[in-house]
Amino acid sequence: MRESWGLLWALLRGQDNPLRRATDRREAWVALGALLLLVVGAPAAGWAGGSAADAALQKSVRAQHQERHPVDAVVVGRAPGRDRYVGDPEGGSERAARIWVVASWQAPDGSPRTGEVATASGPGAPGSPLRIWTDAAGLPVPPPMDGHAARSHAVLAGIGTFLLAAGCVEAGRRVVVGRMVRQRYARLDREWAAAGADWGRAGTGG
């Protein structure tokens, strides 16, 4: 890799070394193309990937906020046999350790519901108020994704896309340069083989 970038630097400086081969110039042009892709193409790919991820995640956030509704519930008691756990990552700020409790609440159609739900706060005494999220049927669901959490995921997606694009550019450069080097050595081997057939014969040397 260092040799290729050195050839690129020599090309950009316009050095006219008579010992430099045509393959060296081609390798330098390949390195120049890879550099342009790393400087322009990879960031553009990262921006496009992050923008696409952000658009999809923000759409999901809006859909979740339309489909999920906050409901006031009442604690009935601690859910037996349920330990603390890390909440759904969709919740963003709701990722704190949670505790399962049995609660009762009212569904959108007015029917009473009772079930196990998770709370980030202490379980509280029976009769304590509790805010939960339910779907249109009144069933408990995780909190909707937070907009800031979605933006953070989109940024990470953009960074990952950039790194992937940069890795592909470097891998492609290595493949192309490696093939050029192999072709150069193969051509040298053929030339040496052709010269070796006449090596040492009278009248063939200079």
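Since we're looking at a predicted model, the values are computed, not measured. Residue numbers run consecutively from 1 along every chain, following the written order of its sequence. Whole-chain, interface and lining totals are the exception, using all residues; otherwise, since this is a predicted model, local features are given only for residues with pLDDT of at least 70 and side-chain atom pairs are given and counted only at 80 or more. Heavy atoms from the whole structure form the basis of all side-chain values; hydrogens and water molecules are not counted.

**Student:** Would you explain the overall build of the protein chain in this entry?
**Tutor:** Across its full length, the protein chain holds 3 helices and 5 strands. Of the regular secondary structure in the protein chain, the N- to C-terminal order runs α-α-β-β-β-β-β-α. In the protein chain, which comprises 206 residues, the share counted as buried stands at 30%. Whether two residues touch is decided by their heavy atoms; if any such pair falls within 4.5 Å, the residues are in contact. The contacts in the protein chain between residues at least 6 apart in sequence include a share of 65% that link residues at least 24 apart. Here the Shrake-Rupley method, with its probe set to 1.4 Å, supplies the accessible areas, and only the displayed protein chains count as covering residues. Of the roughly 13,100 Å² of accessible surface on the protein chain, a fraction of 61% belongs to carbon and sulfur atoms. A run of H or I in DSSP counts as a helix once it spans at least four residues, and a run of E counts as a strand once it spans at least two, with each numbered from the N terminus. Only protein chains enter the calculation, and the probe is 1.4 Å; a residue is then buried if its accessible area is under 20% of its type maximum, exposed if over 50%, and partly exposed in between.

**Student:** Help me understand the environment of Leu163 in this model?
**Tutor:** With respect to the element layout, Leu163 can be found in helix α3 (residues 147–196). Taking relative accessible area as the criterion, Leu163 reaches 52% and is therefore assigned exposed.

**Student:** What should I look at first to understand the confidence of the model for the protein chain in this one?
**Tutor:** Should the pLDDT be low somewhere, the predicted coordinates at that spot are not to be read in detail. Within a predicted model, pLDDT stands for the predictor's per-residue confidence, ranging from 0 to 100. Averaged over every residue, the pLDDT of the protein chain is 79; the share at 70 or more is 73%. Confidence drops under pLDDT 50 across residues 91–96; counting only partners more than four residues distant or on other chains, this segment forms 14 contacts.

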